[in-house]
2 protein chains.
Amino acid sequence: MAKVKKSPRPKAETPKGFRDYFGAEVTQRTEMLAKIAEVYHRYGFDALETSAVETVEALGKFLPDVDRPNEGVFAWEEDNDWLALRYDMTAPLARVAAQYRNELPMPYRRYAMGPVWRNEKPGPGRFRQFYQCDADTVGAASVAADAEICAMLSDTLEAVGIERGDYVVRANNRKVLNGVMEMAGLSGDNQEAERGIVLRAIDKLDRLGEGGVRALLGSGREDESGDFTKGAGLGDEQADIVMGFMSAKRDNGAATVARLRELVGSSNVGGDGVAELEMMAELLDKQGYQAGRIEIDPSVVRGLGYYTGPVYEAELTFEIKDEKGRPRSFGSVAGGGRYDDLVKRFTGQEVPATGVSIGVDRLLAALRMKGRITAQEVGPVVVTVMDRDRMADYQAMVADLRNAGIRSEVYLGNPKNFGNQMKYADKRNSPIAIIEGGDEKERGVIQIKDLILGAQIAQNATLEEWKDRPSQIEVPRGELVAQVRKMLDGQG
Amino acid sequence: MAKVKKSPRPKAETPKGFRDYFGAEVTQRTEMLAKIAEVYHRYGFDALETSAVETVEALGKFLPDVDRPNEGVFAWEEDNDWLALRYDMTAPLARVAAQYRNELPMPYRRYAMGPVWRNEKPGPGRFRQFYQCDADTVGAASVAADAEICAMLSDTLEAVGIERGDYVVRANNRKVLNGVMEMAGLSGDNQEAERGIVLRAIDKLDRLGEGGVRALLGSGREDESGDFTKGAGLGDEQADIVMGFMSAKRDNGAATVARLRELVGSSNVGGDGVAELEMMAELLDKQGYQAGRIEIDPSVVRGLGYYTGPVYEAELTFEIKDEKGRPRSFGSVAGGGRYDDLVKRFTGQEVPATGVSIGVDRLLAALRMKGRITAQEVGPVVVTVMDRDRMADYQAMVADLRNAGIRSEVYLGNPKNFGNQMKYADKRNSPIAIIEGGDEKERGVIQIKDLILGAQIAQNATLEEWKDRPSQIEVPRGELVAQVRKMLDGQG
């Protein structure tokens, strides 16, 4: 047997697919979550924080009688129970809505924000832990609940810094789609496969264009690599009905609704869907959410079997460049809809629910691309240590600065090499360094060094404008706080 | 083989030892974390958020070659790697400090807040997921780093609402304790067991009193149930030295330090410890952290083998009643100290580090006991639905209220039974209900119902003072926002 030599030291690494977040990455997300929570709360939603760990039984979707639950979650056996990390915020909501059904107010409006975990193959930008930020209304059958969530989504995007015009919330209704299927002769029990192909084809309109979708509706489509995708086998007339649905969007909600009413014709479910969309459009219009903020858009499908009525998603419409340098719109940052089987698995009762999930990390990425937030935050003012026996003097300086609300610290590494102290300040992105040597101490003064200006001068020493702005000033010790504040203000 | 009948429905329960947090429980913790983060940040600490999942190898303490890692963590096997949920914030910090050692500024000051998981037997008030809120300085050997953390801890407690006088941060130094052990003749390599007994005995001073601790230092102690705990076997003279150490606290830091210097006598390590304590006391004194905020207290021990120098803890000193109704002080809410083996396991290098961990849930409990925060938050203003065809009118009302920053919602359940709407508002702890029936609509008015006052009157209908305050007023629709705001202000 071969002898396996063990490494004496553990590897300092995150598990595959996980990552660490530093400084501004953390604080910017925290700030965004606070802004979102403020809007959700103002809309009457209550916070809920469930534990990260659930029983696999409560999470559902998994087979308790196999040796190991299905892939997709991180699960383990504990005291003869299978436990797992939550993979979304909806499954725990279902458990809570069932567990506390006698105590919770009904309708129950809750928001939840936090990490979820997916046991999926990681890829570039795809992590196994990421944040979700959900709001759901449980126990409200009225589409007023759906309209409200669309309005709230619009308000939320503006609250976190996405300007009006840079986003659109699109709403549709799965019943309309079902009506269109019916009119296209696809409502049979034996046509589920065809309906699936049609749904997936509609979802790909952005990417494949009209021609590609038509091919998928018909006999099928060969992609650039030569791979063939089987089509739904619709005749031209049937395909026309589906294509007509996808291009039914008109300049305003009323016109779109009118066009959809033509398309669903005699279908009852389709008629119901159109009526719901009309009601939502009216509610939103009266609250001031006109086109440009929230639009009825029949091309919104949102996944496959899950939703039962209204569906909605938020797209950021400004242009970015993709990995090949081609312009494209930023895309979806939030989505949701109505689903009626939330607690049925637990209680047997159907309880209507509707809700939205915001992808916080995508939103942060969008704000960074727009230059609204910068990746690096400003570091602390660094009080350097010129004489290690006078640590108390230096600590008293930062106490003064901190009491005035100014972020600051004494350099706490080995102070022997002053260059290392300045390198540290540079690495921290510090705006200012304070220096008080023995000579300054004797004269009752300190040196205040403008590190931002210093860096600019170092980069471009010839610029005239900096001639008059000294990058270092000497001031009385008593003016420390006032002068630091003045310099910080000057740095903008 | 017996046929096992399976329950057709999953149980709607959290796993054993886990719980859900609702409404104010969540928002109050979020607010507290924000206040703590603000202080940590002002002190120059940077945020760090590591993933909840680590490799067992990186977490350490576990045996990779047994079938299953040690108890204490939640762990599972994934792609031939053992993964686990973090059980504290220090182990991930060690991994990060090693992994990014070439990129991080040094000293590295970071704070981390979030849940940790312990696979321990749950009990009353003991959960398997709870929050920690840590700040550590890595790579600073100076006790100035320890003093700073004590100062920051004091500032943090005041920032979250613990008043000066209701807390004390106590600092001690493990080297002083080691010196005392030396003077008591307990420094031998073969006396580790005795030192352990002495440490544990000191830690129990609060609970057992001087007599109990003396028994444990000597031959041993029999508790009320008759169980016997073996003692350290010290003679009277040795025990006197240890007891002298524990009662060495004097009125001010300088006097305590002088007393400790006597006690450690000729011990080198003890002398070093006293010098460090003296330095910390001087630094803190110059920054304004006098007795009553931070004190040198030799009875602080903080656990067993882990710490190597300064140790500190924060205690809330106000009285509460224990489960038997006896008064006792609230106790410890935070603690920490210096440890020098942070990254050695990964890199072989010793890197000094010092840090504190705040128990956020304990702090929240303390604020609730003091009446500083209340368990239930104020609910939304509820706009009732008198006429379901006029949902758009009601939604327009909440849009007005929300745009004015007032938390509000339309009742979205079945509006048929008005009593249910009022019961809902009651369950939500709503301050105000808005009513607009057909008659009001015609006259352009709305009814604003003061639910707080209404509840008070219902409880005590005879009180004169309420005769003049109507619990319901009729106002023009145009005055909705102004009148709601006025009523909310009146409710305080």
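What counts and how
- Residues numbered from 1 in each chain as written.
- Chains lettered and ligands numbered in written order.
- Predicted model: local features only at pLDDT ≥ 70, side-chain atom pairs only at ≥ 80, totals over all residues.
- Heavy atoms only, no water.
- Patch = residues over 30% accessible without salt bridge, like charges linked within 9 Å, V, L, I, M, F, W, Y side chains within 5 Å.
- Areas by Shrake-Rupley, 256 points an atom, 1.4 Å probe, with all protein chains shown as cover.
- Salt bridge = Lys/Arg side-chain N within 4 Å of Asp/Glu carboxyl O.
- Lys, Arg positive; Asp, Glu negative; His and termini not counted.
- Charge placed at Lys NZ, Arg CZ, Asp CG, Glu CD.
- Helix = DSSP H or I, 4+ residues; strand = E, 2+ residues; numbered from the N terminus.
- Expected span 1.5 Å × (residues − 1).
- Buried < 20%, exposed > 50% of the residue type's maximum accessible area, 1.4 Å probe, protein only.
- Contact = heavy atoms within 4.5 Å.
- Buried area = accessible area lost by both parts, 1.4 Å probe.
- Polar contact = N/O pair within 3.5 Å; in protein donor to acceptor, adjacent residues only side chain to side chain.
- Nonpolar A, V, L, I, M, F, W, Y, C, P; charged D, E, K, R; others polar.
- Pairing = 2+ DSSP bridges.
- Axes fitted to C-alpha atoms, helices over the stretch in contact; angles between N-to-C directions.
- Parallel < 35°, antiparallel > 145°, perpendicular 65-115°, else oblique.
- Left-handed = near helix turned anticlockwise from the far one by under 90°.

### Observations concerning a negative patch on the surface
Point 1. A cluster of acidic residues, Glu13 of chain A together with Glu57, Glu77 and Asp81 of chain B, forms a negative patch on the protein surface.
Point 2. Relative to the assigned elements, glutamate 57 of chain B resides in helix 2 (residues 56-59).

### What to know about helix 10 (residues 268-286) of chain B
Residues and elements named next belong to chain B.
Point 1. Taking 1.5 Å of rise per residue, 19 residues should cover 27 Å, and helix 10 covers 27 Å from first to last C-alpha, within 8% of that figure.
Point 2. Those residues of helix 10 lying buried are Gly270, Gly273, Val274, Glu276, Leu277, Met280, Leu283 and Leu284.
Point 3. Backbone geometry just after helix 10 places glycine 288 at a positive phi near 95°.

### Topic: the interface of chain B and chain A
Point 1. Facing the 101 residues of chain B at the interface are 101 residues of chain A.
Point 2. Of the roughly 8,300 Å² buried between chain B and chain A, counting both surfaces, carbon and sulfur atoms make up 54%.
Point 3. Looking only at chain B, the three residues that lose the most surface to chain A are Glu49, Arg402 and Leu412 of chain B, adding up to 9% of its buried area.
Point 4. Linking chain B with chain A are 14 salt bridges, by the criterion used here.
Point 5. Along the contact surface separating chain B from chain A lie 45 residue pairs in polar contact (both at pLDDT 80 or more).
Point 6. Top element by residues in the side of chain B that touches chain A is helix 13 (residues 391-403) of chain B. It accounts for seven residues.
Point 7. Its residues assigned to classes, the side of chain B that touches chain A shows 47 nonpolar, 21 polar and 33 charged.
Point 8. Across two bridges, the pairing between strand 1 (residues 21-22) of chain A and strand 2 (residues 46-49) of chain B is antiparallel.

### Describing the packing of helix 7 (residues 205-217) of chain B against helix 8 (residues 236-246) of chain B
Angle between the axes and distance between the axes: these two values describe a pair of packed helices.
Residues and elements named next belong to chain B.
Point 1. The contact between helix 7 and helix 8 brings their axes to 9 Å, and the two run at 160°. Relative to helix 8, helix 7 is oriented roughly antiparallel. Residues Leu205, Glu210, Val213, Arg214 and Leu217 of helix 7 form the contact with helix 8, whose own contacting residues are Asp236, Ala239, Asp240, Val242, Met243 and Met246.

### Digging into the packing of helix 8 (residues 236-246) of chain A against helix 9 (residues 253-264) of chain A
Residue and element names in this part refer to chain A.
Point 1. Packing of helix 8 against helix 9 leaves a shortest axis separation of 10 Å and a crossing angle of 165°. It follows from the interaxial angle that helix 8 and helix 9 lie roughly antiparallel. Along this stretch, helix 8 crosses helix 9, giving a crossing that reads as left-handed. Residues Ile241, Gly244 and Phe245 of helix 8 form the contact with helix 9, whose own contacting residues are Arg259, Leu260 and Leu263.
Point 2. Partitioning the contact of helix 8 with helix 9 into residue classes produces four nonpolar, one polar and one charged.

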